[in-house]
Amino acid sequence: MSDDKTKSASPHVLPSLPYADTALAPVISAQTIGFHYGKHHRGYVDNLNKLVAGTEFAGLPLEKIIAGTAGKADKTAFFNNAAQTWNHTFYWNSLRPKGGGEPPAALKQRIEASFGDLDSCKKELAAAAMAQFGSGWAWLVLDGGKLKVVKTGNADMPLTTGMKPLLTIDVWEHAYYLDYQNRRADYVNAVLDKLINWDFAAKNLG
Ligand SMILES: [Fe+2]
């Protein structure tokens, strides 16, 4: 985002990846990131900038565009590109090299209160990722003081239903097909064991 407040949020900018494009290998290859970040994520940002130019949404931050277009049949393209821009930035931050392992103590406590133990939480995330038919997302969210796992289809995301996202896993085929072909479960389990960024989730928990 620009530091110049007069420019507000428009045009939207593709944020830098929080690590090198080789940093998530071998779980997620540089080739996958090249397409996923360099083509798909960039494409959503570019499309959004084209769409909002000259409209009531020009200059608005992503969250406002998302809130103002969710569920409106005549604003689907705005919503899809704004939400996918937001979701992907959130996804890259939900991963890190040498991730996985144990969450920070405060988050771990909340996970144990809601799911019993960390393993049950990971199993629920994996199950949601597998149960999402077609393209979408699996999320760990804070909903009314309780941690929950939810899944969303296509560009949909938990902010629009009042939940606070803590982390996400992209289960669109473009997230894993080059590395895993149709083996979505292998991708999801490897992400949960080796890349998931519990520190990011803890930070979002506040
Ligand atoms: Fe994606």
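Reference entry: report on the structure contained in this document.

Cut-off values and rules
Residues numbered from 1 in each chain as written. Predicted model: local features only at pLDDT ≥ 70, side-chain atom pairs only at ≥ 80, totals over all residues. Heavy atoms only, no water. Helix = DSSP H or I, 4+ residues; strand = E, 2+ residues; numbered from the N terminus. Buried < 20%, exposed > 50% of the residue type's maximum accessible area, 1.4 Å probe, protein only. Contact = heavy atoms within 4.5 Å. Areas by Shrake-Rupley, 256 points an atom, 1.4 Å probe, with all protein chains shown as cover. Lys, Arg positive; Asp, Glu negative; His and termini not counted. Charge placed at Lys NZ, Arg CZ, Asp CG, Glu CD. Donors = N, O, S within 2.8 Å, 3.2 Å for Na, K, Ca; no water. Tetrahedral: all angles 85-135°; square planar, octahedral: opposite > 155°, others 65-115°. Pairing = 2+ DSSP bridges. Phe/Tyr/Trp six-rings, centres within 6.5 Å; stacked < 30°, edge-to-face > 60°.

**Some remarks on the overall build of the protein**
Point 1. Secondary structure summary: the protein contains eight helices and three strands in total.
Point 2. Overall, the protein shows an N-to-C arrangement of helices and strands of α-α-α-α-α-β-β-β-α-α-α.
Point 3. Over its C-alpha atoms, taken along the principal directions, the protein stretches across nearly 50 × 40 × 35 Å.
Point 4. A total of 206 residues make up the protein; the buried ones form 47% of that total.
Point 5. Long-range pairs, those at least 24 residues apart, make up 67% of the contacts in the protein with a sequence separation of at least 6.
Point 6. With the model as given, the accessible surface of the protein reaches about 9800 Å², and the carbon-plus-sulfur share is 53%.
Point 7. A distance of 2 Å separates the average location of the 22 positive side-chain charges in the protein from that of its 20 negative side-chain charges.

**What to know about the coordination of the iron ion**
Point 1. At 1.9 to 2.1 Å from the iron ion lie its protein donor atoms, namely His36 (NE2), His88 (NE2), Asp170 (OD) and His174 (NE2).
Point 2. Coordination at the iron ion is tetrahedral, judged from the four donor atoms that bind it and the angles of 88 to 129° they form at the metal.
Point 3. Summarised as a motif, the one-chain spacing of the donors to the iron ion is H-x51-H-x81-D-x3-H. Separated by 82 residues along the polypeptide, His88 in helix α3 (residues 76–94) and Asp170 in strand β3 (residues 164–170) bring together distant segments of the chain.
Point 4. In this structure His88 comes out as buried when scored by relative accessible area, which is 0%.
Point 5. A relative accessible area of 0% means that Asp170 is categorised as buried.

**What to know about the pairing of β3**
Point 1. Counting buried residues along β3, six of its seven residues qualify, which places the element largely inside the surrounding structure.
Point 2. Here six bridges tie strand β1 (residues 136–143) to β3, and the two strands are oriented antiparallel to one another. Directly across from Trp137, in β3, lies its bridge partner Asp170.

**What to know about the packing of aromatic side chains**
Point 1. Under the defined criterion, the tally for this structure stands at 10 aromatic pairs.
Point 2. Measuring from centroid to centroid gives 6.2 Å for Tyr91 and Trp137, while their planes differ by 75°, and the two rings are edge-to-face. Taken together, the residues span a long stretch of sequence, with Tyr91 in helix α3 and Trp137 in strand β1 at a distance of 46 residues. Each member of the pair, Tyr91 as well as Trp137, is classed as buried.
Point 3. The structure contains a cluster of three or more aromatic residues connected by ring pairs, namely Tyr37, Trp86, Phe90, Tyr91, Trp92, Trp137, Trp139 and Phe200.

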